[in-house]
Amino acid sequence: MTPGSRKVAVVGVALSDCGRVDDATPYALHAQAARRALADAGLGREVVDGFASAGLGTLAPVEVAEYLGLRPTWVDSTSVGGATWEVMAAHAADAIAAGHAKAVLLVYGSTARADIRAGRRTGNLSFGSRGPLQFEVPYGHTLIAKYAMAARRHMLEHGTTIEQLAEVAVQARANAALNPEAMFRDPITVDDVLSGPMIADPFTKPHCCIRSDGGAAVLLVAEELVRDCRTAPVWVLGAGEHVSHSAMSEWPDFTTGPAAVSGRLAFERAGVRPEEIDFAEIYDAFTYMTLVTLEDLGFCGKGEGGAFVEKGRLLVRGGELPVNTDGGGLSAQHPGMRGLFLLVEAVRQLRGEGGERQVRGPGGLGELPRLGVASATGGWFCSSGTLVLGRD
């Protein structure tokens, strides 16, 4: 098998304990998720020769690899916010295909909620005031305000309504109700969303992601290792990545995110079209992210996202395009850079492990989905990574 000709599969996925985890360190959550992912694949840690991690330690991923007892010969510490993990997975797939590694483990863990509860940190409203950000911070550009301003622009240009944005939160909660691992499962209505505490106009609290603890891990391997695994492979068919801006003043169009580029690349490289996708896992730190990413990925036209989401299309049960089948960051869990959780859920769906929230394929009852997409956004629409995944 010549370098560059290998196919790449995801064979192990897992979450650590998630939600409210007051008695664990971030390192412990990394280790818990990693052990579970390896056990899911039926492989030992000795097979792992590649490692990717970000967000923890002074020398990430060196410190985490040491904690896990790994000595990898291929590493990645790419850090582009929530899109980090889709971008890392793309890099890992390239490395495996090129013969630079045979098994790459991606791991994340955070105690964001527990740390605030215990007073070990405070809730950050911005990412600092150095570099390009120094020109915007004095004007109140908090992280949430940046997203809120972009949402307002979409509402102004395309007539998107606050009720349509609220529908994203309502349908995410309905999907979370089917997920025993979700942090919030009680149903909510559009009125509940609209009447919530105002955070940054037009976003009330239910428009914003929850804050949780938790970790996740994903194991990618070369095709020759698939036969040694206990799970059915989920193949990486195509990937795309893109960075857009840091300063809001350098973002040319608040109604188009970087997924418009990363998604196009991923679909082209996979040789599939958006209409062939059976479900989508989309980063949803805010309701607007889901709506605009659906447009950017081509599931509906630009400006049509509001009408698309208001008809229940995102629901696992009865939806035309189930989105965030685990409940997403709005209801399931959001411990920081959530992109790795999208990959875990996508793989579980393609393997038929969704339980009550299992998506069905085009043939209907009894048929598993064939194709899924995971698309994550980082920063304030600063970066994007999109993966198209499929089963045999």
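Everything quoted here is computed from the prediction, not taken from an experiment.

A. Representation of the overall build of the protein chain within the structure. Helix and strand counts for the protein chain come out as 12 helices and 11 strands. Relative to its length of 392 residues, the protein chain is compact, with a C-alpha radius of gyration of 20 Å against a globular reference of 21 Å. Dimensions of the protein chain, computed from C-alpha atoms along their principal axes, come out at roughly 55 × 50 × 40 Å. A burial count over the protein chain gives 60% of its 392 residues as buried. The long-range share in the protein chain, meaning contacts at least 24 apart out of those at least 6 apart in sequence, stands at 74%. The averaged location of the 45 negative side-chain charges in the protein chain is 4 Å from the averaged location of its 36 positive side-chain charges.

B. Region of the structure containing the environment of D76. Structurally, D76 can be placed in strand β3 (residues 74-76). You can call D76 buried: its relative accessible area is 9%. Each C-alpha atom of the pair D76 and A54 lies 8.2 Å from the other, and the pair is 22 residues apart in sequence. In this view, D76 contacts F51, A52, S53, P61, M88 and H91; residues no more than four positions away in its chain are not counted. Within the local environment of D76, its side chain forms a polar contact with the side chain of H91, the two groups lying 3.0 Å apart.

C. Seen up close, helix α5 (residues 143-158). The terminal C-alpha atoms of α5 lie 23 Å apart, and with 16 residues this matches the ideal 22 Å at 1.5 Å per residue to within 8%. What α5 keeps buried is the set K146, Y147, A148, A150, A151, H154 and M155. Against the buried residues of α5 lie α6 (162-176), β5 (198-200), β6 (203-204), α9 (287-296) and β10 (371-378). Looking at the residues trailing α5, positive phi occurs at G159, about 75°.

D. Quick look at the sheet that holds strand β11 (residues 383-391). Read across the open sheet, the 9 strands follow the order β3-β2-β4-β7-β1-β8-β11-β10-β9; overall the sheet is mixed. Both edges of this open sheet fall to β3 and β9 (279-282), since each of them pairs with a single strand only. Taken over all neighbouring pairs, the strand axes of this sheet differ in orientation by 25° on average, direction set aside. Bridge count for strand β1 (residues 8-15) against strand β8 (residues 234-243) is 2 bridges, and the pairing is antiparallel. Counterpart to A9 in the pairing with β8 is W235. Where α9 meets the sheet, it contacts β9 and β10, and its direction lies at approximately 130° from that of β9.

E. Here's a closer look at the nonpolar core. Grouped together as the largest cluster of nonpolar side chains are 96 residues, with contacts concentrated most on L106, L220, Y288, L294, F299 and L389. Looking at this core element by element, the count peaks at 9 residues for helix α3 (residues 84-97). Not counting residues up to four positions away in its chain, the partners in contact with F299 are F267, P274, I277, A280, L294, F308, L321 and V373. Core analysis: the second largest hydrophobic core is formed by 28 residues, A14, V107, L225 and W235 among them.

F. Inspection of the packing of α6 against α9 at higher detail. One can describe the packing of α6 onto α9 by two numbers: an axis separation of 8 Å at closest approach and a directional angle of 100°. The orientation of α6 relative to α9 falls into the category roughly perpendicular. In this structure, α6 contributes L165, V168 and A169 to the contact, and α9 contributes T287, Y288, T290 and L291.

What counts as what
Residues numbered from 1 in each chain as written. Predicted model: local features only at pLDDT ≥ 70, side-chain atom pairs only at ≥ 80, totals over all residues. Heavy atoms only, no water. Helix = DSSP H or I, 4+ residues; strand = E, 2+ residues; numbered from the N terminus. Rg over C-alpha atoms; globule rule 2.2 N^0.38 Å. Buried < 20%, exposed > 50% of the residue type's maximum accessible area, 1.4 Å probe, protein only. Contact = heavy atoms within 4.5 Å. Lys, Arg positive; Asp, Glu negative; His and termini not counted. Charge placed at Lys NZ, Arg CZ, Asp CG, Glu CD. Polar contact = N/O pair within 3.5 Å; in protein donor to acceptor, adjacent residues only side chain to side chain. Expected span 1.5 Å × (residues − 1). Pairing = 2+ DSSP bridges. Axes fitted to C-alpha atoms, helices over the stretch in contact; angles between N-to-C directions. Core = buried A, V, L, I, M, F, W, Y, C linked by side-chain atoms within 4.5 Å. Parallel < 35°, antiparallel > 145°, perpendicular 65-115°, else oblique.

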